[in-house]
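What the coordinates show
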Amino acid sequence: MVSVLFVCTGNICRSPTAEGVFRAMVAAQGLSGVITMDSAGTGSWHEGEPPDERSQEAAARRGIDISGQRARKVTKADFKEFDLIMALDRGHHHNLSRLCPRGEEHRIQMFMGYAPELGILDMPDPYVGDGDGFENVFDMVEICSRGLLTEIRENLL
């Protein structure tokens, strides 16, 4: 069993999208029984809330329902529960590193690192701004999720 936690700021845009996309990919490959996932935020501002409506709409347009997810804050216990903790930008990585119990730092990874072809490490936050930010994030999440799933299949299963 491999467990993955996706972490962004408030757990209402990027990380729930990543959780939903990755869950769909894992299910499509028949791996739901061996790979689990969740998402969390570095802050608690939105605890208990569903994903941002714009994230839900972008996901729904692509056949993925993330409406049942609820925001939560990452905890120290997550470093024991999850094998891989995906930071969606360097700020999240920094915050996770500060919270991380000694000896568990190897769990923290940059999610964008699984899509080197995109040439960036920080997934942009679509929360502020107009336009197609949520669609762009969804595209990036799909590419990163494919890379992450390949890595898990080749090296962890």
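Look above for the structure.
Analysis parameters
- Residues numbered from 1 in each chain as written.
- Predicted model: local features only at pLDDT ≥ 70, side-chain atom pairs only at ≥ 80, totals over all residues.
- Heavy atoms only, no water.
- Pairing = 2+ DSSP bridges.
- Helix = DSSP H or I, 4+ residues; strand = E, 2+ residues; numbered from the N terminus.
- Axes fitted to C-alpha atoms, helices over the stretch in contact; angles between N-to-C directions.
- Contact = heavy atoms within 4.5 Å.

1. Quick word on the sheet that holds strand E3 (residues 84-87)
Taken in spatial order, the four strands line up as E2-E1-E3-E4 in an open sheet, and their pairing is parallel. One side of each edge strand has no neighbouring strand; the edge strands of this open sheet are strand E2 (35-41) and strand E4 (108-110). Taken over all neighbouring pairs, the strand axes of this sheet differ in orientation by 25 degrees on average, direction set aside. Direction of pairing for strand E1 (residues 2-8) relative to E3: parallel, over a ladder of four bridges. Paired with Val-4 across the two strands is Leu-84, which belongs to E3. Against the sheet, helix H1 (residues 14-28) makes contact with E1 and E2, and its axis sits at roughly 170 degrees relative to E2, the strand it touches most. Each of E1, E2 and E3 is contacted by helix H5 (residues 133-155), which is oriented at about 155 degrees to E1, the strand it contacts most.

In short, shape yes, function no, at least from these values alone.
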